[in-house]
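# Analysis of the macromolecular model
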Amino acid sequence: MGHPFLLFAAIFLILSIALYAAPGRKLLNIVHYPAAQDQVARLNRYAALRLLLPALVNLGCAWVVAGRPGLMVPMIFLTPLSVLGVVVWIAAGARRFGA
C-alpha cells in the first residue's frame, strides 16, 4: 500500500540529486537567474538540500501506511503540503542570493 509514497520519495530524491549534481544549470523556474548569475551553483545546492524534505515526508508516510493502511488517504495530503512548503522556502531563500 505504501508504493505511491515510495515512488514520490524516489522522484524527489532523483530531482534533488540532479539539482545538486548540475549546479551550473538553470533548472528552477521560481528563481530569476539573471539577477544571480554568479551564485547559480550555490542557489541550486541550497534548493537541492531543501528538496530532500518532501522525499523524507514521503518515506515517513510509506512507513506509517505500512503499519496502518487506513491512513493512506489522509497521508496523501502531506505530499503537496511538503512541496508547497519547500517551494516557499526556496523562493524566500533565493532572495538571499540576489535572485
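The structure contained in this document is the topic of the report that follows.

Rules used throughout
- Residues numbered from 1 in each chain as written.
- Predicted model: local features only at pLDDT ≥ 70, side-chain atom pairs only at ≥ 80, totals over all residues.
- Heavy atoms only, no water.
- Helix = DSSP H or I, 4+ residues; strand = E, 2+ residues; numbered from the N terminus.
- Buried < 20%, exposed > 50% of the residue type's maximum accessible area, 1.4 Å probe, protein only.
- Contact = heavy atoms within 4.5 Å.
- Phe/Tyr/Trp six-rings, centres within 6.5 Å; stacked < 30°, edge-to-face > 60°.
- Lys NZ or Arg CZ within 6 Å of the ring centre and 35° of its normal.

With that settled, the discussion passes to the overall build of the protein. Counting secondary structure elements, the protein contains 5 helices and 0 strands. When the helices and strands of the protein are read in sequence order from the N terminus, they spell out α-α-α-α-α. Among the 99 residues that make up the protein, the fraction classed as buried is 33%.

Quick look at the environment of arginine 45 now. Of note, arginine 45 is situated in helix H2 (residues 40-50). Sequence-wise, arginine 45 and leucine 19 are 26 residues apart; in three dimensions their C-alpha atoms are separated by 6.8 Å. Those residues in contact with arginine 45 that sit more than four places away from it in its chain are Tyr20 and Pro23.

Here we take up the packing of aromatic side chains. Overall, the coordinates contain 0 aromatic pairs when judged by the stated rule. Over the ring of tyrosine 20 we find arginine 45; its NZ or CZ atom is 4.9 Å from the centre of that ring. The ring of tryptophan 89 carries arginine 50 above its face, with NZ or CZ at 4.9 Å from the centroid.

What follows deals with the side chain of serine 16. Structurally, serine 16 can be placed in helix H1 (residues 3-21). The exposure class of serine 16 is buried, given its relative accessible area of 5%. Not counting chain neighbours up to four residues away, the residues in contact with serine 16 comprise Ala48, Leu49, Leu51 and Leu52.

We now examine the environment of glycine 85. Tracing the backbone shows glycine 85 in helix H5 (residues 78-94). With 32 residues separating them in the primary sequence, glycine 85 and leucine 53 have C-alpha atoms 9.3 Å apart.

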